[in-house]
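Now for the letters of each chain:
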Amino acid sequence: MSNKPCILSIDQGTTSSRAMVFDADIQVIASAQQEFPQLYPAEGWVEHDPAVILDSVISVSRQALASAEQQGYSIAGIGITNQRETTVVWNRSTGKALYNAIVWQDRRTAEQCEQLKQQKLETQVQARTGLLLDPYFSATKIAWILDNIDGAREQAEQGELAFGTIDSFLIWHLTGGKVHATDATNASRTNLYNIYSGKWDPWLLDTFNVPKQLLPKVMDCSAHFGDTDNSLFGRAIPITGVAGDQQAASIGQCCFAPGAIKSTYGTGCFVMINSGDKPVISKHRLLTTVAYQLEGKPSYAIEGSIFVAGAAVQWLRDGLGLIDSAAETESLAAGLEGNSGVYMVPAFTGLGAPYWRPDVRGAIFGLTRATSPAHMVRATLESVAYLTHDLFTAMANDGIKPASLKVDGGMVANDWFLQFLADVLALPVCRPVVMETTVLGAAYLAGRQLGIYGDFDAFTALWRGAGEFEPRMEECQRSDLLEGWQDAVRRAT
Ligand SMILES: Nc1ncnc2c1ncn2[C@@H]1O[C@H](COP(=O)(O)OP(=O)(O)O)[C@@H](O)[C@H]1O
Ligand SMILES: O=P(O)(O)OC[C@H](O)CO
């Protein structure tokens, strides 16, 4: 009979679904991962098939769970973390989605956002949500589904439909259609949730034309969300932790004190700085968001969101066929003396913070007959570091000047990238032992609710750095590179 308690943590990311099992000492004992297709049905549109997402989550969870049980462990609870903002609307009777999931990167509602900006509503939206007017967030994506799928708006008004970010969609299906809930971090990315009152906001629902009947119940990040349906894992398992992936990464990096900062390099890049128990509104186009909510008390963060980071590496592999694997980018970039004046602006889905230009598209500058695939690769990696530098400039203008940066996500396996990042930011960059901080954060939230994991101090005591990258570039070289980048951005925009 297995009796060692452990937590199954599910990370439903933009490019893959991952499940990891953590024991009571927060060590990884099992894991499984599955990539799934990205759908690009029109220029600027990005979708996922919700049924494929659900299947991939169930499949990786079953694999990780079986491996843990074979080792004599018993799953005590489940944590869920997810790509944020991505929007699903489904039928409450059948559970079937009305339309594909509209992914956070999707730009189809740029015009609606522009119209709201023309009506001078951005300041009011920011004052309630901490967010800006951009197609990134869920509200205009929901309205698009209601206005473009036959009969959807009437069904929504009659209470027949449910909206959810991916966490909510998964909770619904894992509990056999019994629970329609989300957590405060995911709610805070919709543009419908008032981060001051902690409630769905009637003015926002009206402004974005979204019926209240669609919305899930908003809960703390550590809470009993519901139990899984017996048919899925052979018995009911409680879901006890939920957070958006960037917030979960911030928890996994132990960013609990005001000023603590992390940057995650997955499909996109997201920098988050803890601002304590008060929301701080940026004057330089950064976002304010809920970092986590425990025992009814929210903590807040300032966030810089870059839409394309690892996605550009994926494009080199899948779009251009320049590389066979993401890992190859490291030796290709390191093999060059410099960038030879080649700059890439990876605005495949517009530019996020601090530019917020959904209309801009990607560009490459400085090509010559001597430009090789390695130059393209290097320009791609460099661009992610420059975009991070732009966020740090906005943060500095808001008075935030960190002394070092904790990093995580798929791209930080790349040592060359991290050294270049440290050089461009002129800051030490630290990579943790557990690079999957997102799943770790969700596991912590779930295990905390069950009493398996202790308080923040106990968790922080377990955090280990795997190595620091110290800045070592000459200042004149750094400023030349940044000048080249700024020129490229000017030309692209
Ligand atoms: N060694 C590497 N160098 C650069 N990029 C990498 C490397 N390994 C993985 N990546 C990139 O990291 C991303 C995957 O990271 P992950 O954190 O799993 O993303 P997500 O959660 O968004 O699906 C992919 O876009 C991939 O191209
Ligand atoms: O899937 P990731 O890790 O790139 O994260 C996506 C973000 O949550 C989008 O806001």
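Residues numbered from 1 in each chain as written. Chains lettered and ligands numbered in written order. Predicted model: local features only at pLDDT ≥ 70, side-chain atom pairs only at ≥ 80, totals over all residues. Heavy atoms only, no water.

The name given to the protein in an unreviewed UniProt entry is Glycerol kinase, and the organism recorded there is Oceanicoccus sagamiensis. The heading Pathway (unreviewed entry) in the UniProt record of the protein holds the text "Polyol metabolism; glycerol degradation via glycerol kinase pathway; sn-glycerol 3-phosphate from glycerol: step 1/1." Looking at the Sequence similarities (unreviewed entry) heading of the UniProt record, one finds this comment for the protein: "Belongs to the FGGY kinase family." (UniProt positions renumbered as here; feature names shortened; annotations may be inferred.)

Undergrad: Mind showing me how you'd approach the site of ligand 2 here?
TA: Taken together, G13, T14, Q83, R84, E85, W104, Y136, D245, Q246, T267, G268 and F270 make up the full set of residues near ligand 2. Separating an oxygen atom of ligand 2 from a side-chain N or O atom of D245 is a distance of 2.5 Å. Within the backbone of T267, an N or O atom sits 3.3 Å from an oxygen atom of ligand 2. For ligand 2, the protein covers 93% of the area, taking 310 Å² as the surface of the free molecule. Here the shell around ligand 2 is composed, by residue class, of 3 nonpolar, 6 polar and 3 charged. (Near = heavy atom within 4 Å. Polar contact = N/O pair within 3.5 Å; in protein donor to acceptor, adjacent residues only side chain to side chain. Areas by Shrake-Rupley, 256 points an atom, 1.4 Å probe, with all protein chains shown as cover. Nonpolar A, V, L, I, M, F, W, Y, C, P; charged D, E, K, R; others polar.)

Undergrad: Where do I start with the UniProt feature "binding site: ADP" (unreviewed entry) in the protein in this structure?
TA: Those places that UniProt annotates as "binding site: ADP" (unreviewed entry) correspond, in this numbering, to T14, R18, T267, G310, G410 and N414. On the basis of relative accessible area, T14 is assigned to the buried category, the value being 7%. When neighbours within four sequence positions are excluded, T14 is seen to be in contact with F36, Q38, H48, Q83, V103, W104, Q105 and T267. Tracing the sequence through the fold places G410 in the loop between β21 (405–408) and α14 (415–425). Those residues in contact with G410 that lie beyond four places of it in its chain are Y265 and G266. (Buried < 20%, exposed > 50% of the residue type's maximum accessible area, 1.4 Å probe, protein only. Contact = heavy atoms within 4.5 Å. Helix = DSSP H or I, 4+ residues; strand = E, 2+ residues; numbered from the N terminus.)

Undergrad: How should the site of ligand 1 be read in this particular structure?
TA: Neighbouring ligand 1 are 17 residues; T15, T267, G310, G410 and N414 lie closest to it. One of the side-chain nitrogen or oxygen atoms of T267 is found 2.5 Å away from an oxygen atom of ligand 1. In this structure, an oxygen atom belonging to ligand 1 sits 3.0 Å away from a main-chain N or O atom of G410. Across the complex, the protein chains shield 84% of the 590 Å² of accessible surface that ligand 1 would expose by itself. Breaking the shell around ligand 1 down by element, the ones donating at least two residues are β2 (16–23) and α11 (310–319). In terms of residue count, α11 provides more of the shell around ligand 1 than any other element does, 4 residues in total.

Undergrad: Looking at this structure, how should I read the packing of α11 against helix α13 (residues 373–397)?
TA: Each pair of packed helices gets described by two things: the angle between the helix axes and the distance between those axes. Packing of α11 against α13 leaves a shortest axis separation of 9 Å and a crossing angle of 160 degrees. It follows from the interaxial angle that α11 and α13 lie roughly antiparallel. Remark: the crossing between α11 and α13 carries right-handed chirality. Across from A312, V313 and L316 in α11, the residues of α13 making contact are M376, V377, T380 and L381. (Axes fitted to C-alpha atoms, helices over the stretch in contact; angles between N-to-C directions. Parallel < 35°, antiparallel > 145°, perpendicular 65-115°, else oblique. Left-handed = near helix turned anticlockwise from the far one by under 90°.)

Undergrad: What am I meant to see in the UniProt feature "binding site: ATP" (unreviewed entry) in the protein here?
TA: Residues annotated in UniProt with the feature "binding site: ATP" (unreviewed entry) correspond here to T14, T15, S16, T267, G310, Q314 and G410. Sequence-wise these annotated residues cover 397 residues; spatially they are packed, their C-alpha atoms never more than 12.6 Å apart. Within the secondary structure, T14 sits in the loop between β1 (4–12) and β2. Structurally, T15 can be placed in the loop between β1 and β2. On the basis of relative accessibility, which here comes to 18%, the residue T15 falls in the buried class.

Undergrad: How should the sheet that holds strand β18 (residues 297–306) be read in this particular structure?
TA: Sheet strands pair by backbone hydrogen bonding; their relative direction is either parallel or antiparallel. With respect to topology, 7 strands assemble into an open sheet ordered β17-β18-β16-β15-β21-β22-β23, the strand pairing being mixed. The outermost strands of the open sheet, each flanked by one partner alone, are β17 (287–294) and β23 (465–469). Each strand axis lies, on average, 30 degrees off the axis of its neighbour in the sheet, ignoring direction. Two elements, strand β16 (residues 269–276) and β18, share 7 bridges in a ladder whose sense is antiparallel. Bridged to G276 within β18 is Y300. (Pairing = 2+ DSSP bridges.)

Undergrad: Before we go on, may I ask you to explain the packing of aromatic side chains in this structure?
TA: In this description, an aromatic ring pair is defined by two values, namely the gap between the centres and the angle between the planes. This model, assessed by the stated rule, comprises 27 aromatic pairs. Taking the centre distance of 6.5 Å and the plane angle of 45 degrees together, the rings of F256 and Y444 count as tilted. In this pair, F256 sits in the loop between α10 (245–252) and β15 (261–265) while Y444 sits in helix α15 (residues 437–449), placing the two residues 188 residues apart along the sequence. In this structure F256 comes out as buried when scored by relative accessible area, which is 13%. Taking the relative accessible area as the measure of exposure, Y444 reaches 1% and is therefore buried. Ring plane angle 75 degrees and centroid distance 5.1 Å describe the contact between Y265 and F417, whose orientation is recorded as edge-to-face. Of the two residues, Y265 sits in strand β15 while F417 sits in helix α14, which places them 152 residues apart along the sequence. Assigned by exposure class, Y265 and F417 land together as buried. By the ring-pair criterion, three or more aromatic residues cluster together here, those being W104, Y136, F137, F270, F307 and W356. Residue placement shows R84 over the ring face of F270; its charged tip is 5.2 Å from the ring centre. (Phe/Tyr/Trp six-rings, centres within 6.5 Å; stacked < 30°, edge-to-face > 60°. Lys NZ or Arg CZ within 6 Å of the ring centre and 35° of its normal.)

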